[in-house]
Amino acid sequence: AKLFSGKALEFDGVSDYLILPLTLMDSEAAITVTSWFKTTDANGAISAKYANSSYYSWWLTVKGGKLDANINAHKDTHASELVSTADVDDGQWHHAVLTWSYSSGTSTLYLDGISVGTHSNTRESDLKNGVTISTIGTQGYLVGTLTTQYAGSLNGMISNFQIWDTVWSADD
């Protein structure tokens, strides 16, 4: 990824991605993953964290032109998926926020300050114990080389990516 002069990282959709510390946010009771992004591609990951070989701790992606997120998702079934109705592959900047609370088991996805939806999950242990990889700009796993999955790699820009150990509200 290269630093864009407007203070954003630009990803090429092929080989650009960042790896986060593996234990990032393990054992936390709440998380908020937030980022500004823009793309004209229908598919590409903003961020993803694998919990184990079958479950993602979270993903925040563009899939089918929509903002798509999940907490504690099985890699094949995607049972707790949250998807926007609005298109986000329009080349405009969008703000994505994904939250999760251990105490309530509830995840919420926001797009540009508006709630897309909420979902309750029951696999808290997977969220709290990452054992493979956490990334920005791609969704996949590393076994020698990167193998992309689901939304794949982002062709676009990401700015102000943050992970917090608290649950943000729509007002945040």
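Note that the structure is predicted; figures quoted are calculated from it, not measured.

Cut-offs used in this document
- Residues numbered from 1 in each chain as written.
- Predicted model: local features only at pLDDT ≥ 70, side-chain atom pairs only at ≥ 80, totals over all residues.
- Heavy atoms only, no water.
- Helix = DSSP H or I, 4+ residues; strand = E, 2+ residues; numbered from the N terminus.
- Buried < 20%, exposed > 50% of the residue type's maximum accessible area, 1.4 Å probe, protein only.
- Contact = heavy atoms within 4.5 Å.
- Areas by Shrake-Rupley, 256 points an atom, 1.4 Å probe, with all protein chains shown as cover.
- Core = buried A, V, L, I, M, F, W, Y, C linked by side-chain atoms within 4.5 Å.
- Phe/Tyr/Trp six-rings, centres within 6.5 Å; stacked < 30°, edge-to-face > 60°.
- pLDDT = per-residue confidence, 0-100.
- Salt bridge = Lys/Arg side-chain N within 4 Å of Asp/Glu carboxyl O.
- Pairing = 2+ DSSP bridges.

1. So, the overall build of the protein
At step 1: When helices and strands are counted, the protein shows one helix and 15 strands.
At step 2: Looking at the protein as a whole, 47% of its 172 residues qualify as buried.
At step 3: Intrachain contacts of the protein at a sequence separation of at least 6 include 62% that bridge at least 24 residues.
At step 4: Roughly 7,600 Å² of accessible area belongs to the protein as shown, and the carbon and sulfur atoms make up 49% of that amount.

2. Examining the nonpolar core
At step 1: Membership of the largest hydrophobic core comes to 22 residues, with the highest contact counts inside it found for Phe37, Leu60, Leu67, Leu98, Leu109 and Ile158.
At step 2: Contributions of two or more residues to this core are made by strand 4 (30–39), strand 6 (55–63), strand 7 (66–74), strand 9 (94–101) and strand 10 (106–111).
At step 3: Those residues in contact with Phe37 that lie beyond four places of it in its chain are Ile46, Val62, Leu67, Val88, Gln92, Trp93, His94, Ala96, Met157 and Ile158.

3. Here's the deal with the packing of aromatic side chains
At step 1: For the structure shown, the criterion picks out one aromatic pair.
At step 2: Ring centres of Trp164 and Trp168 lie 5.8 Å apart, and the angle between their planes is 45 degrees; on these two criteria the pair is classed as tilted.
At step 3: The exposure class of Trp168 is buried, given its relative accessible area of 15%.

4. Describing unusual backbone geometry
At step 1: Unlike most non-glycine residues, Asp112 shows phi in positive territory, near 50 degrees.
At step 2: By the element assignment, Asp112 lies in the loop between strand 10 and strand 11 (114–120).
At step 3: Residues other than glycine seldom take positive phi values, yet Asn160 does so here, at roughly 55 degrees.
At step 4: Relative to the helices and strands, Asn160 is located in strand 15 (residues 155–164).

5. Let's talk about the confidence of the model for the protein
At step 1: For the protein, the mean per-residue pLDDT works out to 79, and 72% of the residues sit at or above 70.
At step 2: When pLDDT is averaged over each element of the protein, strand 8 (residues 82–87) comes out on top at 95 and strand 1 (residues 2–4) at the bottom at 51.

6. Some remarks on the pattern of salt bridges
At step 1: Applying the stated criterion across every chain yields a total of one salt bridge.
At step 2: Close ionic contact of Asp87 with Lys66 constitutes a salt bridge, the shortest N to O distance being 2.6 Å. One end of the pair, Asp87, is in strand 8; the other, Lys66, is in strand 7, with 21 residues separating them in the sequence.

7. Some points on the environment of Ala30
At step 1: With respect to the secondary-structure elements, Ala30 resides in strand 4.
At step 2: On the accessibility criterion, Ala30 (12% relative accessible area) is buried.
At step 3: For the pair Ala30 and Trp164, spaced 134 residues apart in sequence, the C-alpha separation works out to 8.1 Å.

8. As for the pairing of strand 10
At step 1: Counting buried residues along strand 10, five of its six residues qualify, which places the element largely inside the surrounding structure.
At step 2: Where strand 9 folds back on strand 10, the antiparallel hairpin that results is connected by four residues, among which Gly105 adopts a positive phi of roughly 70 degrees.
At step 3: Here strand 10 pairs with strand 11 via six bridges, running antiparallel. Residue pairing in the sheet places Thr106 in a bridge with Ser120 of strand 11.

9. Some details on the side chain of Ser47
At step 1: Within the element layout of this structure, Ser47 appears in strand 5 (residues 44–50).
At step 2: Judged by its relative accessible area of 0%, Ser47 falls in the buried class.

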